[in-house]
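Architecture and fold: a report
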Amino acid sequence: GPYEVTEADIINFAREFDPQSFHLDGEIAKRTIFGGLVASGWHTAAITMRLLVTCGLNLAGGAIGLGADELRWPRPVRPGDVLRLELEIAEVRPSRSKPDRGTVRLRYETRNQKNETVMTLMATALVPKRATA
C-alpha cells in the first residue's frame, strides 16, 4: 500500500540517523541543490522496507537479506510524497547444498504519486523452499 511522507517524518528520521541540514531545516534546504526539504536516501530505503514487509508478499514464510546491489536514488523524496513499491522477482535459485532453501534476486522500484522513480535496488534474499503437496 501507499505510504505518505510528512515533513515531521523527514526531520525525525534525519535527526536520529542522517543529520544533514537539507534533511533537518526547510529554510537551509531552500539554499541547496534540492531547493527545499528532502528525505534522506536511507529514510527512503527504510520506507521501502516497510512497504516490502506490509505488501503481502510471502516468500515461503519469510526471507533473510543476504545483500543489496545497485542502490540508486534518482529523485529526492519530499514532504507530501506518497510512495509505493513495485517489486519483481528477477531470479529464483535452489540451494545446491541445502534442499530446504534457496535464494531470490529481487528488483525494487519505489515510486512517488507522480509515478517518478525515487529509489531502485537489487537485493538477494535467502528463503525457505515451499513445501510440495
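This section reports on the structure supplied with the text.

Rules and cut-offs
- Residues numbered from 1 in each chain as written.
- Predicted model: local features only at pLDDT ≥ 70, side-chain atom pairs only at ≥ 80, totals over all residues.
- Heavy atoms only, no water.
- Helix = DSSP H or I, 4+ residues; strand = E, 2+ residues; numbered from the N terminus.
- Expected span 1.5 Å × (residues − 1).
- Buried < 20%, exposed > 50% of the residue type's maximum accessible area, 1.4 Å probe, protein only.
- Contact = heavy atoms within 4.5 Å.
- Polar contact = N/O pair within 3.5 Å; in protein donor to acceptor, adjacent residues only side chain to side chain.
- Salt bridge = Lys/Arg side-chain N within 4 Å of Asp/Glu carboxyl O.
- Arc of directions from axis to C-beta.
- Phe/Tyr/Trp six-rings, centres within 6.5 Å; stacked < 30°, edge-to-face > 60°.
- Pairing = 2+ DSSP bridges.

Quick word on helix α4 (residues 41-54)
The end-to-end C-alpha separation of α4 is 20 Å, in line with the 20 Å expected for 14 residues at 1.5 Å each. Along α4, the positions that sit buried rather than exposed are Gly41, His43, Thr44, Ile47, Thr48, Leu51 and Leu52. Packed against the buried residues of α4 are β1 (3-4), α1 (7-17), β3 (82-94), β4 (101-111) and β5 (117-128). The distance from a side-chain oxygen at the start of α4 to the backbone nitrogen of Trp42 is 3.1 Å, and the residue carrying that oxygen is Ser40. Residue Gly56 follows α4 closely and has a positive phi angle near 95°.

Details of the pattern of salt bridges
Summed over all chains, the structure comprises 9 salt bridges. Here Arg105 ties to Asp69 by a salt bridge, and the two come within 3.0 Å at their closest N and O atoms. Taken together, the residues span a long stretch of sequence, with Arg105 in strand β4 and Asp69 in strand β2 (residues 64-72) at a distance of 36 residues. Between Glu109 and Arg111 there is a salt bridge; the shortest N-O distance is 2.6 Å. Given a relative accessible area of 16%, Arg111 falls into the buried group. Within this structure, Arg84, Glu86, Glu109 and Arg111 form a network of salt bridges that share partners.

Some thoughts on α1
When α1 is considered as a whole, its buried residues turn out to be Ile10, Ile11, Phe13 and Ala14. For α1, the angular spread of the buried residues around the axis is 165°, confining them to a single face. With respect to the buried face of α1, the exposed residues turned more than 90 degrees away are Arg15 and Glu16. The inward-facing, buried residues of α1 abut α2 (21-24) and α4.

Structural notes on the packing of aromatic side chains
A complete count under the given rule lists 3 aromatic pairs for this structure. A ring pair is formed by Phe13 and Phe17, whose centres lie 5.0 Å apart and whose planes are at 45°; its orientation type is tilted. One end of the pair is Phe13 and the other is Phe17, both in helix α1 and 4 residues apart, which spans about a single turn. Residues Trp42 and Trp73 carry aromatic rings whose centres are separated by 5.1 Å and whose planes lie at 80° to one another, so their mutual orientation is edge-to-face. Of the two residues, Trp42 sits in helix α4 while Trp73 sits in the loop between β2 and β3, which places them 31 residues apart along the sequence. The class for Trp73 is partly exposed, based on a relative accessible area of 36%.

So, the pairing of β2
Burial runs low along β2: only 0 of the 9 residues are buried. Inspection of the sheet shows β2 paired to β5 by 6 bridges, in the antiparallel sense. Within the sheet, the bridge partner assigned to Gly65 lies in β5 and is Ala125.

So, the environment of Gly35
Its location among the elements puts Gly35 in the loop between α3 (26-30) and α4. Through-space distance from the C-alpha of Gly35 to that of Asn115 is 21 Å; in sequence the pair is 80 residues apart. Here Gly35 is in contact with Ala29 and Lys30, once residues within four sequence places are set aside.

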